[in-house]
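A structural walkthrough
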Amino acid sequence: MTEVRTRFAPSPTGFMHLGGVRTALYNYLYARKMGGKFILRIEDTDQERLVPGATQVIYDTLRDCGMDWDEGPDKGGEYGPYIQSDRKDLYLPYAEELIRSGHAYYCFCTKEELAERKAAAEARGEVFKYDKHCLHLSKEEVERKLKAGVPYVIRQNTPTEGETSYKDMVFGEISMPNDTLDDMVLIKQDGMPTYNFANVIDDHLMGITHIMRGMEYLSSTPKYNLLYEAFGWEIPKYVHLPTVMRDKEHKLSKRDGDAYYSDFISKGYLKEALINYLALVGWNPGDDREMFTMDELVQAFDISGLSKSPGIFDVEKLTWFNAQYIRQLPFEKYLSLATPWFEKAFEGMDRQMDFRRLAELMQGRTEVFNRIPEMVAFLKDMPAYELDLYFNKKMKTAPETAADALCMVKPVLEALGPWTEAEIHDRVMDAIQEKGLKNGAVLWPLRIAISGLANTPGGAFEIAYLLGREETLARLDRAIARLQDAYGKGNVQ
RNA sequence: GCCUCCAUUGUCUAGUGGCCUAGGACACCGCCCUCUCAAGGCGGAAACAUGGGUUCGAAUCCCAUUGGAGGUGCCA
């Protein structure tokens, strides 16, 4: 059996689209699973859309994700070069061979003429398909124009009758009536091959055995197969992938601003989570497993698990995966990843903050790193809050009675020796026991008084510790004053 | 318009003629735990697009309808 060779062939646009990452991933997984080779090829035949530095983004992203390629522009390999613009001169002879065998022809129609004919066809309510106008030029006419240096393109000469079909490993049998096949351009006026042509030539020359790509190529594949046949080349296996959608109607598009790999990384999504989730949009292992490392994906991946229908990219589920991965992070790793976000949150604060302790509290609650600043902001500045927050039915607390609880705690905290979490916890609990109160009746108001929030990461003890003695007591004083102001002095104490 | 493809809960999906009173996961809701939240545990609501066939039997096969996607570029 011949070695499996897959390829990822992006065009360098400057960003890595998540759909592209997934395509690369499946190619990578299949090659590794089969013990084959994964090839990276850059498709930059469109000279008008060149973006400087764009290939670097592709390298960086793939490497960052752990998808190492065996052959590629920067790595070499026996089928190079791996950048199509570097292969420019190699395509024309193949096109000329096709012309000799009658499978292609020179076309001298200008873009303007084409546009005119297209408009005319549309005016008549017809679809425009290239009319093979130049196919009927006499040999002499063609020679003359070529000699005269009239600009030309080379078009594929597709059959007008019958149908062409092929078998796709995901979609099964696909057949297209030949009369719907357009005589597509193979070589452009600037001498560059089109994607359509370069793809076929390169995939063959590079010995690609399995072509895994987006399903937008499903209906142009018959034209590629006609080319393979014209050359007498073996047709590779096709694996067309369902589209990744933003919602039911729309593709995940570059316009959305959140379709790029880098967008998610900078928001604080872990690449492991992104890869894990992406693998599952359009593929499933056949059992209920969901958590996969890259190596596990390699083991589990199989083309039979690929689905046919488009899948919607669900950020909620990605976020769940992300939270899972964050929780599993070794603590030191979490701390180092969270620290920049902590620093951002506490910028300009004069108090010290125990990042380690904060990180311990936050690791299990972090879904995406960019949500950290908002979650910990209350530690920097006391938020404004409504006294209603002191209401809690279960804790049996209310604004009217909150001051009593706070006044009970205050001297305990003031008398505290070392300001450690354990000390705070033990002394306050002792006092609660002594008074025969319920924990919540004291701790709820205390937490509200020093955080101003209904929900906080950590409880009263943790927050008090993080705030430090001075800030805690200051917040406590202010809370007591405000409550007494509203409801009068309590009579406990 | 024409061509191709697709169609199970809100979402990702399992399901390849009887194992399906349709399974798992996210999200949602409730309960437990608990000083809040989160995590965790338990439970709940939620789907075979519609209509015809085929068959003893259909989510599964066939046809039509509807809906959706893709293609129809000297873009890839």
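Everything below is about the structure shown above.
First, a word on what this report is: a plain description of the structure on this page. Values in this document were obtained by computation on a predicted structure and should not be read as measured data.

1. Examining the protein's contact with RNA strand B
- Around RNA strand B, the structure places 66 residues, and the nearest of them are T45, R49, V127, E290 and R365.
- When the atoms of RNA strand B within 4 Å of the protein are sorted by group, sugar and phosphate make up 70%.
- Within the side chain of Y217, a nitrogen or oxygen atom sits 3.0 Å from a base nitrogen of RNA strand B.
- A distance of 2.9 Å separates a sugar or linking oxygen of RNA strand B from a polar atom in the side chain of N455.
- The set of elements that each furnish at least two residues to the surface near RNA strand B consists of α4 (111-123), β6 (172-177), α6 (195-205), β11 (311-312), α11 (315-328), α17 (439-451) and α18 (460-487).

2. Some thoughts on helix α13 (residues 355-363)
- Taken residue by residue, α13 has R357, L358, A359, L361, M362 and Q363 as its buried positions.
- Residues of α13 that are buried in the fold lie against α11, α12 (331-345), α14 (372-380), α16 (421-435) and α18.

3. Here's the deal with the packing of helix α9 (residues 271-280) against α11
- It is the contact of α9 with α11, at a shortest axis distance of 8 Å, that shows an interaxial angle of 140°. With respect to α11, the element α9 is oriented oblique. Viewed along their axes, α9 and α11 form a crossing whose handedness is right-handed. Of α11, the residues touching α9 (which contributes E272, A273, L274, N276, Y277 and L280) are K317, L318, F321, N322 and Y325.
- Split by residue class, the contact of α9 with α11 holds 7 nonpolar, 2 polar and 2 charged.

4. Things to note about the nonpolar core
- Counting residues in each nonpolar core, the largest one holds 145 residues, and the members touching the most others are M67, F197, L379 and Y390.
- The contact partners of F197, leaving out residues within four places of it in the chain, are Y91, Y94, A95, L98, L186, I187, L227 and F231.

5. Brief notes about the pattern of salt bridges
- Tallied over the full model, the rule gives 27 salt bridges.
- Residue E141 pairs with R144 through a salt bridge whose shortest N-O separation is 3.1 Å. Note that E141 and R144 are positioned in helix α5 (residues 139-147) at a spacing of 3 residues, about one turn of the helix.
- With its nearest N and O atoms 2.6 Å apart, the salt bridge here joins R475 to E471. Taken together, the residues R475 and E471, both in helix α18 and 4 residues apart, mark about one turn of the helix. You'll find R475 and E471 in the same group, each marked buried.
- In this structure, a network of salt bridges that share partners links the residues R7, R41, E43, R87, D202 and D203.

6. Description of the packing of helix α15 (residues 399-414) against α16
- Interhelical geometry of α15 versus α16 gives an angle of 140° and a closest axis separation of 10 Å. What the angle tells us is that α15 and α16 run oblique. Where α15 crosses over α16, the two elements pack in a sense that is right-handed. Of the residues in α16, those touching α15 at M408, V409, V412 and L413 are I424, R427, V428, A431, I432 and K435.
- Among the residues making up the contact of α15 with α16, the classes are represented as 8 nonpolar, no polar and 2 charged.

7. Details of unusual backbone geometry
- Cis geometry is found at the peptide bond from G80 to P81, where omega equals -5°.
- Note on placement: P81 falls in the loop between α2 (54-65) and α3 (88-100).
- Residues other than glycine seldom take positive phi values, yet K132 does so here, at roughly 60°.
- You will see that K396, though not glycine, has its phi angle at about 60°, which is positive.
- By secondary structure assignment, the location of K396 is in the loop between α14 and α15.

8. Thoughts on the packing of aromatic side chains
- The tally for this structure, following the rule as stated, stands at 26 aromatic pairs.
- Taken together, F264, Y269, Y277, F313, W320 and F321 form an aromatic cluster joined through their ring pairs.
- Of note, K75 hangs over the ring of W69, and the distance from its end group to the ring centre comes to 5.5 Å.
- A cation over a ring is seen here: R155 above Y130, with NZ or CZ 3.8 Å from the ring centre.

9. Considering the sheet that holds strand β7 (residues 185-187)
- Sheet architecture is open: 3 strands sit in the order β3-β4-β7, paired in antiparallel fashion. Across the chains shown, the open sheet's two edge strands, defined by having one partner strand only, are β3 (104-107) and β7. Direction aside, neighbouring strands of the sheet carry axes that sit 40° apart on average.
- On the sheet, α3 packs against β3, β4 (153-156) and β7 and is oriented at approximately 105° with respect to β3.

Criteria and thresholds
- Residues numbered from 1 in each chain as written.
- Chains lettered and ligands numbered in written order.
- Predicted model: local features only at pLDDT ≥ 70, side-chain atom pairs only at ≥ 80, totals over all residues.
- Heavy atoms only, no water.
- Near = heavy atom within 4 Å.
- Polar contact = N/O pair within 3.5 Å; in protein donor to acceptor, adjacent residues only side chain to side chain.
- Helix = DSSP H or I, 4+ residues; strand = E, 2+ residues; numbered from the N terminus.
- Buried < 20%, exposed > 50% of the residue type's maximum accessible area, 1.4 Å probe, protein only.
- Contact = heavy atoms within 4.5 Å.
- Axes fitted to C-alpha atoms, helices over the stretch in contact; angles between N-to-C directions.
- Parallel < 35°, antiparallel > 145°, perpendicular 65-115°, else oblique.
- Left-handed = near helix turned anticlockwise from the far one by under 90°.
- Nonpolar A, V, L, I, M, F, W, Y, C, P; charged D, E, K, R; others polar.
- Core = buried A, V, L, I, M, F, W, Y, C linked by side-chain atoms within 4.5 Å.
- Salt bridge = Lys/Arg side-chain N within 4 Å of Asp/Glu carboxyl O.
- Phe/Tyr/Trp six-rings, centres within 6.5 Å; stacked < 30°, edge-to-face > 60°.
- Lys NZ or Arg CZ within 6 Å of the ring centre and 35° of its normal.
- Pairing = 2+ DSSP bridges.

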